[in-house]
Amino acid sequence: IDIFVNNKNFNSALELLLTNGYTVDSVSNLKNEHHIVLNNGITKLELHKNILNPFTKINETYMQDHTENVVISNQNIRTFDLTTTLLHLFYHLYMDTYLAANNIYFFANKKQFGIANRFLYRAYEIALFAEKYFKDIKWNDIISDIKTQKLRIVFKYMVEDILEIFPNAFPAKLVDAINSLKYYSEQN
């Protein structure tokens, strides 16, 4: 379970979870800028300081400002609206894709790219979500947000790969916008 807590309430949320039987997972680091992993023996959760890992340099303002309340099992839960959910799915796959593009561990040591199954799952998830909610998604909002981000070229390649598998997943205006972006370049 992923839970995002704004910075001013983060320590209080962490303390609340710790006093209610959660422990910090051994792989977690309390100084991690992205999230802390906690476990109570039944449920594993990630308490997020940021929605996405800060290395992505994604401005999260739109995602934080476009939420809604939903009721699940008689519990009122604040979550992303439909448009923000799709935007988050895009950025989350981008985060994974960028990590894979800059990590040769699997290739060098295992002679394989370990991210392929995860990419296919997430690509399917994005295409299915886009198809199911196509008429309800605010595509212009997605285009506007993507245009404000400092994205690396792997974002474009990621979308091209999704479209190779699911050619009608997105409206042409989104594809045109992604193809016309100037991508952030960095030397590694």
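Asks: How should helix α8 (residues 172-180) be read in this particular structure?
Replies: Structurally, the α-helix is built with 3.6 residues per turn, so residues lying three or four positions apart point the same way. Every buried residue belonging to α8 is among L174, A177 and I178, and all of these are buried. Each buried residue of α8 lies within a common arc of 95° when the element is viewed along its axis, so the set occupies one face. Opposite its buried face, α8 presents the exposed residues A172 and S180, each directed more than 90 degrees away.

Asks: Is there a simple way to think about the nonpolar core in this case?
Replies: Nonpolar side chains tend to gather and get buried jointly when the protein is soluble and globular. The biggest cluster of nonpolar side chains holds 40 residues, and the ones touching the most others in it are L86, F155 and F170. With nine residues, the top contributor of residues to this core is helix α3 (residues 82-101). Each residue touching L86, except ones within four places of it in the same chain, is listed here: I126, F129, A130, I137, W139 and I142. Within the second largest apolar cluster, ten residues are counted, among which are F10, L17, Y22 and I36.

Asks: Honestly, the sheet that holds strand β4 (residues 44-48) in this entry has me stumped. Any pointers?
Replies: Strand order in the open sheet formed by four strands is β1-β4-β3-β2, with mixed pairing between adjacent strands. Lying at the two open borders of the sheet, with one neighbouring strand each, are β1 (2-4) and β2 (23-24). Taken together, the three bridges between β1 and β4 define a ladder with parallel strand orientation. When the sheet's bridge partners are listed, D2 is paired in β4 with E46. In this fold helix α1 (residues 7-19) packs onto β2, β3 (35-39) and β4, with an angle of close to 160° to the strand it touches most, β4.

Asks: Could you clarify how one ought to interpret the pattern of salt bridges in this entry?
Replies: One side chain can pair with another of opposite charge once the charged atoms of both are near each other. Applying the stated rule across the entire model yields two salt bridges. In this structure, D96 and R122 form a salt bridge, with 2.8 Å as the shortest nitrogen-oxygen distance. Here R122 lies in helix α5 (residues 116-132) and D96 lies in helix α3, a separation of 26 residues in the sequence. We note that D96, like R122, is buried. Ionic pairing is found between R122 and E125, a salt bridge with its closest N-O pair at 4.0 Å. With a gap of three residues between them, R122 and E125 both fall in helix α5, about one helical turn apart.

Rules used throughout
Residues numbered from 1 in each chain as written. Predicted model: local features only at pLDDT ≥ 70, side-chain atom pairs only at ≥ 80, totals over all residues. Heavy atoms only, no water. Buried < 20%, exposed > 50% of the residue type's maximum accessible area, 1.4 Å probe, protein only. Helix = DSSP H or I, 4+ residues; strand = E, 2+ residues; numbered from the N terminus. Arc of directions from axis to C-beta. Core = buried A, V, L, I, M, F, W, Y, C linked by side-chain atoms within 4.5 Å. Contact = heavy atoms within 4.5 Å. Pairing = 2+ DSSP bridges. Axes fitted to C-alpha atoms, helices over the stretch in contact; angles between N-to-C directions. Salt bridge = Lys/Arg side-chain N within 4 Å of Asp/Glu carboxyl O.

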